[in-house]
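This is what each chain is made of:
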Amino acid sequence: MAGPEDPGLGRRLRALASFTAGEERVGRAWFRSLSRWMDRIRPSVMAPRSAGNPPDPTGVSADPGLWNRLMDSEVVPEVKRLFDGPYRHLAPGSDSDADPFTVEYLNGVRNRLSGIPDEVYALVIAQVDRGVRDGLGIPEISDLIEQTLTATGSDRWTNRARTVARTETIGATNAGAFAGAVRRALDEGDDSATKIWVSTLDARTRTDHVFADQQQVALLQPFMVGGAALMFPGDPSGPADQVI
């Protein structure tokens with residue numbers, strides 16, 4: 001016996017295919033950037049080892065600005081590509097680059113992605129302190145830090161790449177769709193446009209998002225999801241427990 005008809009099945013399948021491809025591209029770009037950045041700063045952090053001294057956390061700043069340059073050249077363009085696809089589909093002929101929402105959104109992406117150097121610096125400091133408290137010698141502490149500063153050295157960075165990829169892919173795709181729909185409504189003088197929340201309904205989907213599926217509201221009104229007001233799925237202005 002066939003189950004109940006899924007009114008959002010077509011949109012759901014298209015969204016899932018787009019998200020999957022987007023996550024792969026963003027995840028690869030982020031992890032590739034991390035590997036390049038770590039390869040650059042690792043020698044500076046580990047340099048004191050040759051003289052029998054502990055690693056130098058300040059070496060994380062060996063090339064100030066490199067991380068942000070990598071984000072701008074590798075990751076942000078992939079996020080922009082995800083944003084532009086639905087924008088152009090909904091507002092053909094419109095230039096997303098001229099839309100202030102696009103500029104604001106991509107600046108937010110850069111801000112969200114900028115924190116890795118500070119995080120790694122704090123992580124190196126913490127590992128040195130913990131190693132000293134645990135009675136480890138300099139060689140053992142150095143080995144731990146070198147492993148941390150190797151992108152493939154643990155699951156930490158693979159998992160982070162996965163989280164970044166999913167968060168930024170969902171956010172950018174839906175932000176582009178929202179901005180494109182707004183642009184189209186303005187161009188057509190349509191003040192009655194609406195939007196529908198469509199959840200992918202896979203094992204990773206939050207319970208609140210499952211309940212929000214097929215919620216319909218006016219285009220410029222927020223969805224209410226788990227008590228949070230979100231303009232679109234992945235809205236970065238929302239609380240972390242509904243977005244990340």
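Remember, it's a predicted structure, so these values are computed and weren't measured experimentally.

Novice: Would you mind going over the packing of helix 4 (residues 116–133) against helix 6 (residues 155–188) with me for this structure?
Specialist: When two helices pack together, their arrangement is given by the angle between the helix axes and the distance between those axes. For the pair helix 4 and helix 6, the least separation of the axes is 14 Å and the interaxial angle reads 155°. On the basis of the axis angle, helix 4 is roughly antiparallel to helix 6. The way helix 4 lies across helix 6 gives a crossing that is right-handed. In this structure, helix 4 contributes I116, E119, V120 and L123 to the contact, and helix 6 contributes R156, W157 and R160. Looking at the contact of helix 4 with helix 6, its residues break down into four nonpolar, no polar and three charged.

Novice: For this particular structure, what's the right way to read the environment of D241?
Specialist: On the secondary structure map, D241 appears in helix 8 (residues 240–243). Along the primary structure D241 and T20 are separated by 221 residues, whereas in three dimensions their C-alpha atoms are 21 Å apart.

Novice: When you look at the packing of helix 2 (residues 66–90) against helix 3 (residues 100–113) in this model, what are you seeing that I'm missing?
Specialist: Contact geometry for helix 2 and helix 3: axes closest at 10 Å, N-to-C directions at 135°. One element, helix 2, and the other, helix 3, form an angle in the oblique class. Between helix 2 and helix 3 lies a crossing whose hand is right-handed. Of helix 3, the residues touching helix 2 (which contributes W67, M71, D72, V75, V76, V79, K80 and F83) are F101, T102, Y105, L106, V109, R110 and L113. Residue composition of the contact of helix 2 with helix 3, grouped by class: eleven nonpolar, one polar and three charged.

Novice: Is there a simple way to explain the pattern of salt bridges in this structure?
Specialist: Two side chains of opposite charge can pair, provided their charged atoms sit close to one another. The tally for this structure, following the rule as stated, stands at 18 salt bridges. Residue D97 is joined to K80 by a salt bridge in which the shortest nitrogen-to-oxygen separation is 2.7 Å. Remark: K80 occurs in helix 2 and D97 occurs in the loop between helix 2 and helix 3; sequence separation between them is 17 residues. D97 sits in the partly exposed class, given a relative accessible area of 49%.

Novice: Looking at this model, I keep getting lost on helix 6. Mind explaining?
Specialist: A turn of α-helix holds 3.6 residues, and therefore any two residues three or four places apart point the same way. A rise of 1.5 Å per residue sets the reference length of helix 6, with its 34 residues, at 50 Å; its end C-alpha atoms lie 49 Å apart and thus fit the reference within 8%. Capping of helix 6 at its N-terminal end is provided by S154; its side-chain oxygen lies 3.3 Å from the backbone amide nitrogen of R156. The first or second residue beyond helix 6 is G189, which carries a positive phi of 65°.

Novice: Before we go on, may I ask you to explain the nonpolar core in this structure?
Specialist: Buried together is how nonpolar side chains tend to be arranged in soluble globular proteins. Ranked by size, the top nonpolar core spans 46 residues in total, and within it W30, L34, W37 and V120 carry the most contacts. Breaking this core down by element, the ones donating at least two residues are helix 1 (9–46), helix 2, helix 3, helix 4, helix 5 (138–148) and helix 6. In contact with W30, not counting residues within four places along its chain, are W67, M71, V75, L113, I116, W157, R160, A161 and V164. W197, V217, F223 and V225 belong to the second largest nonpolar core, which has seven residues in total.

Novice: Mind showing me how you'd approach the environment of A177 here?
Specialist: By secondary structure assignment, the location of A177 is in helix 6. Sequence separation of A177 and S199 is 22 residues, and the distance between their C-alpha atoms is 14 Å. Here A177 is in contact with P86, Y87 and L90, once residues within four sequence places are set aside.

Novice: Explain unusual backbone geometry here, please?
Specialist: Trans is the common state for peptide bonds, and a negative phi is the common state for residues other than glycine. Phi is positive for Q214, which is not a glycine, with a value near 75°. By the element assignment, Q214 lies in the loop between helix 7 (207–212) and strand 2 (216–218).

Rules of the game
- Numbers given for residues are sequential positions, taken from 1 along each chain in its written order.
- For a predicted model such as this one, the threshold for reporting local features is a pLDDT of at least 70, and the threshold for listing and counting side-chain atom pairs is 80 or more; totals across whole chains, interfaces and linings nevertheless cover every residue.
- With hydrogens and water set aside, each side-chain value is computed from the structure's full complement of heavy atoms.
- Axis definition: a line fitted to C-alpha atoms, limited for helices to the stretch in contact. Angles are taken between N-to-C directions and run from 0 to 180 degrees.
- Going along the chain from the N terminus, every DSSP run of H or I of four or more residues is numbered as a helix, and every run of E of two or more is numbered as a strand.
- The labels follow the angle: roughly parallel below 35 degrees, roughly antiparallel above 145, roughly perpendicular from 65 to 115, and oblique for the rest.
- Throughout, a crossing is termed right-handed when the near helix is turned clockwise from the far one, and left-handed when it is turned anticlockwise from it by less than a right angle.
- The contact criterion used is simple: two residues touch if any of their non-hydrogen atoms lie within 4.5 Å.
- When residues are grouped by polarity, Ala, Val, Leu, Ile, Met, Phe, Trp, Tyr, Cys and Pro land in nonpolar, Asp, Glu, Lys and Arg in charged, and all others, Gly among them, in polar.
- Salt bridge criterion: a side-chain nitrogen from Lys or Arg within 4 Å of a carboxyl oxygen from Asp or Glu.
- Burial classification: accessible surface area is computed with a 1.4 Å probe over protein chains only, and a residue below 20% of its type maximum counts as buried, one above 50% as exposed, and the rest as partly exposed.
- Residue count minus one, scaled by 1.5 Å, sets the expected span of a helix.
- Here a polar contact means two N or O atoms within 3.5 Å. Within protein one must be a hydrogen donor candidate and the other an acceptor candidate, and residues neighboring in sequence count only if both atoms are side-chain atoms.
- In this description, a nonpolar core means a group of buried Ala, Val, Leu, Ile, Met, Phe, Trp, Tyr and Cys residues linked to one another through side-chain atoms lying within 4.5 Å.

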